[in-house]
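# Survey of secondary and tertiary structure
In case you want the letters, here they are:
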Amino acid sequence: MTSRIAAAVATCALSLGALASGAGVATAAPPAPAGDAPSLQLAINARAAAVDRCSYQVVRSHDSRYVYSVSGVFGGGARELTPQKEDYVRISDDWRKVVQVDACAGGGGQALTALRVTGKLGNPENYDPSVPRTIHSNDLKPAASSVIPKAPVLTSVDRLDAATVRVTWKPAQGNPDQVILMERKPFYSSEIGVWHPYTFQRNVQAGATSMDRKLERHPDIPPADRSHSYWMRVVNGGFVSDLRAEKPVTIEP
């Protein structure tokens with residue numbers, strides 16, 4: 001998908017607002033700010049936690065003008081860490097970028113003591129000199145892996161009729177702040193007149209273990225883009241369940 005289509009689809013998704021959706025609310029990731037927008041934030045607001053022995057999760061603010069990297073501090077030195085997976089997540093009514101990195105790849109066996117996030121202005125020639133070329137987080141001491149919540153297992157996607165499925169999952173453990181049904185499906189962008197796959201997060205009511213979803217079956221949807229996928233995610237204490245463990249269940253409409 002070209003950057004033009006991506007931006008247009010994101011903008012159209014947001015223009016719908018918070019979409020009522022059965023038992024949940026759907027929200028889409030935010031579009032990039034305009035190129036001449038004022039600086040959103042001079043420093044990166046971030047937190048970190050261990051996911052397991054090698055993987056760490058960093059939850060940070062995001063200014064799309066910058067290209068970000070995460071470094072680990074090992075015995076006084078620092079090296080950039082390999083990204084494993086990342087995504088936008090809506091946490092406490094604010095979009096955050098969640099990044100998981102590998103602290104073991106290419107390492108010398110030293111224990112990680114802190115994480116640092118750096119953002120470098122992607123196209124500095126397009127911005128006034130007053131816009132910072134580099135922004136940083138503070139050194140982040142990772143929280144224990146116990147703070148990373150566990151997403152419930154998605155158990156089935158059953159057809160109720162030709163245009164409806166019921167997505168069912170096991171009860172969430174530990175009373176997380178938010179349980180989310182992730183749904184990737186065709187989305188129509190009226191701005192550019194195309195159907196294209198798009199991912200929504202649909203907030204689940206407390207205690208719910210299923211949600212009915214409508215399938216997009218418009219004849220203009222390209223055959224390669226017709227599939228629908230569902231998976232579970234949870235948020236607790238500002239951290240997100242392990243992104244690498246997400247296993248989408250895909251169906252054809």
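Residues numbered from 1 in each chain as written. Predicted model: local features only at pLDDT ≥ 70, side-chain atom pairs only at ≥ 80, totals over all residues. Heavy atoms only, no water.

### A short note on the state of the cysteines
Going by this rule: Throughout, disulfides are identified as pairs of cysteine sulfur atoms within 2.5 Å of each other. By the criteria applied, helices consist of DSSP H or I runs no shorter than four residues and strands consist of E runs no shorter than two, each listed in order from the N terminus.
Summed over the entire model, instances satisfying the criterion amount to one disulfide. Across the disulfide, Cys54 is cross-linked to Cys104 (sulfur-sulfur distance 1.9 Å). Disulfide Cys54-Cys104: the torsion about the S-S bond is -90°, which places it as left-handed. Pair noted here: Cys54 is in the loop between strand 3 (46-50) and strand 4 (55-60) and Cys104 is in the loop between strand 8 (94-102) and strand 9 (112-121), with a separation of 50 residues, a long-range link.

### A look at the layout of surface pockets
Empty space among the atoms becomes visible once a probe the size of a water molecule is rolled across them. Put simply, the rule reads: A 1.4 Å probe that fits into a set of points on a 1 Å grid over the protein atoms alone but cannot get out defines a cavity; an open set with protein on both sides within 12 Å along at least five of seven lines defines a pocket, and lining residues are those with an atom within 4 Å of a point. Grid points are joined across faces, edges and corners, and a volume is the space filled by probe spheres set on the points. Throughout, the ten residues Ala, Val, Leu, Ile, Met, Phe, Trp, Tyr, Cys and Pro are labelled nonpolar, Asp, Glu, Lys and Arg are labelled charged, and all others, Gly among them, are labelled polar.
Its volume calculated, the second largest pocket comes out at about 300 Å³. What lines the second largest pocket is a set of 17 residues, and nearest its centre among them are Ala151, Pro152, Met232, Ala245 and Glu246. For the lining of the second largest pocket, the class distribution of residues is eleven nonpolar, two polar and four charged.

### Here's the deal with the packing of aromatic side chains
Short version of the rule: Classification of ring pairs rests on two measures: the distance between centres of Phe, Tyr or Trp rings, Trp counted by its six-membered ring, which must be within 6.5 Å, and the angle between planes, read as stacked under 30 degrees, edge-to-face over 60 and tilted in between. Whether a residue is buried, partly exposed or exposed follows from its accessible area with a 1.4 Å probe, protein chains only, as a fraction of its type maximum: under 20%, in between, or over 50%, in that order. The rule for a charge over a ring is simple: NZ of Lys or CZ of Arg within 6 Å of the ring centre, and within 35 degrees of the ring normal.
What the rule picks out here adds up to four aromatic pairs. Centre to centre, the rings of Tyr188 and Trp195 are 5.4 Å apart; their planes meet at 50°, and the pair counts as tilted. With relative accessibility at 40%, the residue Tyr188 sits in the partly exposed group. Geometrically, the ring pair formed by Tyr198 and Phe200 is edge-to-face, given 5.4 Å between the ring centres and 65° between the ring planes. There is no split in this pair, since Tyr198 and Phe200 are both buried. Following the ring pairs from residue to residue traces out a cluster consisting of Phe187, Tyr198 and Phe200. Just above the ring of Phe239 sits the side chain of Arg47; from NZ or CZ to the centre is 5.4 Å.

### Re the side chain of Arg233
Rules: Polar contacts, as used here, are pairs of N or O atoms within 3.5 Å; protein pairs need one atom able to donate a hydrogen and one able to accept it. Residues neighboring in sequence count only if both atoms are side-chain atoms. Note on definitions: a residue-residue contact is assigned when non-hydrogen atoms from the two residues lie within 4.5 Å.
Along the chain, Arg233 turns up in strand 16 (residues 228-236). Side-chain polar atoms of Arg233 contact the side chain of Asp87, separated by 2.9 Å. Of note is the side chain of Arg233, whose polar atom sits 2.7 Å from the side chain of Glu246. If we skip the residues at most four places from it in the chain, Arg233 touches Asp87, Tyr88, Val89, Ala151, Gln178, Val179, Ile180, Met182, Val240, Ser241, Leu243 and Glu246.

### Brief notes about the sheet that holds strand 7 (residues 82-91)
To keep things clear, this is the line we draw: When DSSP finds two or more bridges between a pair of strands, those strands are recorded as paired. Angles here are taken between N-to-C directions and fall from 0 to 180 degrees, while the axes themselves are lines fitted to C-alpha atoms, restricted in helices to the stretch in contact.
Spatially, 3-4-8-7 is the arrangement adopted by the four strands of the open sheet, whose pairing is antiparallel. Lying at the two open borders of the sheet, with one neighbouring strand each, are strand 3 and strand 7. Each adjacent strand pair in this sheet contributes to an overall mean axis angle of 20°, direction not counted. Across six bridges, the pairing between strand 4 and strand 8 is antiparallel. Among the inter-strand pairings, Tyr56 is bridged to a residue of strand 8, identified as Val101.

### A closer look at the pattern of salt bridges
What counts, and what does not: For salt bridges, the criterion is a side-chain nitrogen of Lys or Arg within 4 Å of an Asp or Glu carboxyl oxygen.
Counted under the stated rule, the structure contains 13 salt bridges. With a shortest N-O distance of 3.3 Å, Asp94 and Arg96 are connected by a salt bridge. We classify Arg96 as buried; its relative accessible area is 19%. Among the ionic pairs, Asp139 bridges to Arg116, the shortest N-O distance being 2.8 Å. With Asp139 in the loop between strand 10 (134-136) and strand 11 (154-161) and Arg116 in strand 9, this pair connects stretches of sequence that are 23 residues apart. Accessibility expressed as a relative area gives 32% for Arg116, which makes it partly exposed. Connected via shared salt-bridge partners are Lys85, Asp87, Arg233 and Glu246.

### Looking at the confidence of the model for the protein chain
Caution applies to low-pLDDT parts of the model: their predicted coordinates are not meant to be read in detail. Heads up, the rule is: Per-residue confidence from the prediction method is given by pLDDT, with values spanning 0 to 100.
Looking at the protein chain as a whole, its pLDDT mean stands at 87, while 83% of the residues score no less than 70. This stretch, residues 9-25, has a pLDDT under 50; its non-local contacts, to residues over four places away or in other chains, come to 39 contacts. Residue range residues 31-41 is modelled with pLDDT below 50. Its contacts to residues more than four positions away, or to other chains, number 16 contacts.

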